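# Examining the three-dimensional arrangement
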Amino acid sequence: MKNFDIYWATFKASLQAKLEYKLDFALGLLTSSMLQLAALGFLWVIFHQTSNLQGWTQAEVIFLFGLTAMSLGASELFFNHIWMVPYYIVMGDLDRLLVYPVRSLPFLLISRPELHSFGNLLTGLALTAGSLWTLHMPWQDWVLVPVWVLCGSVIYTSALVVFCSFSFKFVGPYGYTLMIPHTLLQASRYPLSIYPAWVHYGLLFLVPYGVFNYLPGNWVFGKMLFSAGAFLTPLVAVVCAAVAERVWNWGLKHYQSTGS
Amino acid sequence: MLTVPGGLPKMLPLYPMNSALQVQNLSKSYKRRIRQPGLAGAVKALFSTQEQELHAVRDLSFTLQRGERVGLIGENGAGKSTTLKMLTGILVPTGGKVEVLGRVPWRERRQLALNIGVVFGQRPQLLWDIPVQETFELLKTMYRIPPDIYGLVYKEAVRRLGLEPLLATPVRHLSLGQRMRCDLAAAVLHAPAIAFLDEPTIGLDLSVKEQVREFIAHIQEKFGITLLITTHDLKDITETCDRLLLLDKGRLLFDGSIKAFEQKYASDRRIVAETHRPLDSSVAGPLSVEVAKKGGKLIEAEGHRVVVEYHEEGAAPNLIQLLLQQLQVVDINLEKTDIETIVTRIYRQPDRAGD
Amino acid sequence: MRPLAPPLTLSENILGYLSFLNRALKANFAYKASTVLGLFTAALTYGITVLVWNHVYDQKGSSLNVTRQEMFAYLAMAFCLNYALTINIDQRVGQRIRLGLIATDLLKPLDFQMTQAFQALSDCIFNGFIALGIMAVAFSALGRQAFPKSPEAFGFFLASFFLAFIIQYSIVFFFIQGAFYTYSGYGIFASRIAVHHTLSGLQAPLTLYPPILRSIGAWLPFQHVVFTPITLYTGRAEGAQAWHLLGEQALWAAGFYLLGNLVMRKALKQLEIQGG
């Protein structure tokens, strides 16, 4: 990206500012870990009743949980500012994005990192590592984890951006719109094959979360024939990002012509 | 004036033109939902929406020359901010044409943004939880400001706006007034070709207002910045601008120099004289005839006071001479309605522009 | 000089709270799109739980000690109950604290904890109507499974629901105080929700929980918000056992209400010291 240094400088400065609030940082860390653990609690209940989900053992499902948690964490670390957009629109503050000589979407995303993301990142790391360790997975699998996480954060953020933009075009500036892609992410923590076909394929092709946890999981644990799809993850991430920016600019035009 | 140092010549080739900004038949209307009051209204709104069209700006046309200093005034809701937002590419108009530095703002927003500076006094722009100093550094990177320009403006801003003690403070810990000053500095840090300042002195106390005006005037002069200021404080305009645009209900009511504005609206110049002895009632009649001959009008002649009104600029010396000859004058004053009174008077007229 | 206003009488107090309730309801109705979207999100979250359980039943058949029909009825009930008891005062108060507006709330001549209770009641009424609508749909889909076991069971349920509201409100109010101490307050709200999700019995009857998780839950009030009312509704606890459960709920309700009051006083002192 041509103006990468601008975005990077913005990110660094904002991150540094956030680090000054130590108590908030600690609490946020605790909270996001707790949210992950709560989800794990339900998984525990499920596996108390059954030994596998469509052939996936508890340790294997935990790998999916871990990848998802880390992708969420990375998205919150780098791109969390998207969550403020509905409020900015309500308060008439989106204007400030438009006075700077930079692309509005990357500038927006990068300029307000959220530190509680570290809770998600750490919990996710512990889960993934625990899963790979107990299942004695080879080193290649470990190496690929960061790639999937990075792609995951891009794909998830793209979904947020698309929902957000659609919302300012059709519905109005409501924070709840962003909860939809967020909730769908929770669905993608389980092996997609347990769901009815439309959910399964919806989460692979429409909102392609399965691409950064389910497909890699399939590949790592040797589950299915086209598991090589895991290597398409970066490509999907790039496409998602491109689509997200187009949709964003299109939504922004609506804001610019209605002022709301 | 063509060598504007702050603008980035690489991004924006200088246009062989003098006008910085052209607006033709610009208009903007909004649709707003109507809500009925009360709980019943709230329930009703669940099922239906009624909309109403609001015309924020109608058929606006004007041109700004390079380096001009122009004030835009009008009541709340007259369309000042909307106009500014359209000129800066934030809003897209419903009709009309706009060219700023030869570009259509909402189509080439980013290229334009490099060459303009914007302040929205009601909503300071500084985005981050980071200290002021670092915000400036960030802007330096973002606008690719050459070090010499940056150093120069930065020094001026710190000195004239008294930013020194604020530099290490995160933006959100600043008071509105402090933020405003930082915002102003941030907006002109890259010595833009045009600066759009929307109420740059709002919420500041008098001495700081003065500082801000001085800073604006100084930076404007140094870089030949084209200036468009909106404000409710007319002193901002009399001290920093030459030309005035008066917006009313979205329409342009006046466009011209401040002097022309005064001549057009401040028709009532007055001479007030005080006499040594109380006036005799018989004086008034003949005096009024004499005064009328010299182009004035006798308003009052009672007690020790004589008031004469006139419109023609050149009439004053003759009238004064007349009064000095006819009466025993101990004191004489020329009164001119100040611009603030004029503007207030215009706002109060019930059927001015009309719908 | 105008004489000092006398203290508010009881009826004036109640009128004050009612006008507060009226205003809160109005605000709730005004956000129609938010309401629909919020409901949709809640349903989506719940859909995941239902689909996961559905799969477990597909795989394991009837070897669980709860039948599929019972499980779905339970989940529908839990969803509605939880929806009705979703109280948003924490986010609202948290925001007011952050913006420094809390001082004006505390200046009003009404008890802060009580005003907030009425705000919560408004949420509960508003969300409760929606929950009833969903329940009606669930009734038609699930048939007899969705009805209470007996008239007595329904009576116990109503009492239990009321106590569940007080417990839920008191827990929320207790956690709100944390917002006085941190800038964002987000962490505290989200932590509460995380624990509530795991231990209230929202996603499965507690009888299916691993023993360790169950015993942790037994020491906390969260199960009395969702699991206990449903237990009474479905008649899994009757007679003396039911009275016992209600007693436990009442104790938690009173205890947490007082605890909230205590913590509030402390937090207010802190506020005074910091100057807001």
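Numbering of residues begins from 1 in every chain and follows the order in which that chain's sequence is written. Chains carry letters and ligands carry numbers; both start at the beginning, A for chains and 1 for ligands, and go up in the order they are written. Thresholds applied to this predicted model are a pLDDT of at least 70 for local features of residues and 80 or more for the giving and counting of side-chain atom pairs; totals over whole chains, interfaces and linings are not thresholded and use all residues. To get the side-chain values, take all heavy atoms of the structure and skip hydrogens and water.

Across the boundary between the two partners, chain A contributes 35 residues, which contact 38 residues of chain C. In this description, buried area is defined as the sum, over both parts, of the accessible area (probe of 1.4 Å) that is lost when the two are combined. For the pair chain A and chain C, the summed buried area comes to about 3,300 Å², and 77% of that belongs to carbon and sulfur atoms. On the chain A side of the interface with chain C, the three residues burying the most area are A:F42, A:Q49 and A:Y176, jointly 18% of the side's total. Take a side-chain nitrogen of Lys or Arg and a carboxyl oxygen of Asp or Glu: if they are within 4 Å of each other, that pair is a salt bridge. Between the two partners, chain A and chain C, sit 0 salt bridges. For this analysis, a polar contact is any N or O atom pair within 3.5 Å, provided that within protein one partner can donate a hydrogen and the other can accept it, and provided that sequence-adjacent residues contribute only side-chain to side-chain pairs. For the interface between chain A and chain C, the tally reads 5 residue pairs in polar contact (both at pLDDT 80 or more). What counts as a helix is a DSSP run of H or I of at least four residues, what counts as a strand is a run of E of at least two, and both are numbered from the N terminus. Broken down by secondary-structure element, the contributors of at least two residues to the side of chain A that touches chain C are α2 (22-49) and α8 (176-187) of chain A. Just so you know the grouping, Ala, Val, Leu, Ile, Met, Phe, Trp, Tyr, Cys and Pro go in nonpolar, Asp, Glu, Lys and Arg go in charged, and all remaining residues, Gly too, go in polar. The class makeup of the residues in the side of chain A that touches chain C is 22 nonpolar, 12 polar and 1 charged. Any two residues whose heavy atoms approach within 4.5 Å are treated as being in contact.

The next point concerns a nonpolar patch on the surface. Residue and element names in this part refer to chain A. A patch consists of residues whose relative accessible area exceeds 30% and which take part in no salt bridge; residues with like charges are grouped when within 9 Å of each other, and nonpolar side chains (Val, Leu, Ile, Met, Phe, Trp, Tyr) when within 5 Å. All accessible-area figures derive from a Shrake-Rupley calculation using a 1.4 Å probe, and residue coverage is judged against the displayed protein chains alone. Among the surface-exposed residues, W133, W139, W142 and V143 lie close enough to one another that they form a single nonpolar patch of about 540 Å² accessible area. If one sorts the elements of the nonpolar patch by residue count, helix α7 (residues 139-171) sits on top with 3 residues. Along the chain, W142 falls in helix α7. Residue classification places W142 among the partly exposed positions, given a relative accessible area of 34%. For each residue, the accessible area found with a 1.4 Å probe, counting protein chains only, is set against the maximum for its type, and the residue is called buried under 20%, exposed over 50%, and partly exposed in between.

The next point concerns the sheet that holds strand β8 (residues 243-248) of chain B. All names here are of chain B. Strand pairing is assigned whenever DSSP identifies at least 2 bridges connecting the two strands. Across the sheet, 6 strands lie side by side as β5-β6-β7-β3-β8-β9; this open sheet has mixed pairing. The open sheet has two edge strands with one neighbour each: β5 (116-120) and β9 (251-257). Pairs of neighbouring strands in the sheet enclose a mean axial angle of 15°, with direction left out of account. Axis angles are defined between N-to-C directions and span 0 to 180 degrees, where every axis is a line fitted to C-alpha atoms and, for a helix, only to the segment in contact.

Centres within 6.5 Å are what make two rings of Phe, Tyr or Trp a pair, Trp counting through its six-membered ring; a difference in plane orientation under 30 degrees is then read as stacked, over 60 as edge-to-face, and the rest as tilted. What the rule picks out here adds up to 30 aromatic pairs over all chains. With a centroid separation of 5.4 Å and an interplanar angle of 85°, the aromatic rings of A:F65 and A:Y190 are classed as edge-to-face. With a gap of 125 residues between them, A:F65 in helix α3 (residues 58-79) and A:Y190 in the loop between α8 and α9 (197-206) connect regions that are remote in the sequence. One exposure class covers both A:F65 and A:Y190, and it is buried. For the pair C:F156 and C:W243, a centre-to-centre distance of 5.3 Å together with 85° between the ring planes defines the contact as edge-to-face. With a gap of 87 residues between them, C:F156 in helix α7 (residues 151-176) and C:W243 in helix α11 (residues 239-274) connect regions that are remote in the sequence. In this analysis the charged atom, NZ for Lys or CZ for Arg, is taken to sit over a ring once it is within 6 Å of the ring centre and within 35 degrees of the ring normal. Taking NZ or CZ as reference, A:R96 lies 5.8 Å from the ring centre of A:Y88, over its face. The ring of A:F65 carries the charged tip of A:R189 above its face, separated from the ring centre by 5.0 Å.

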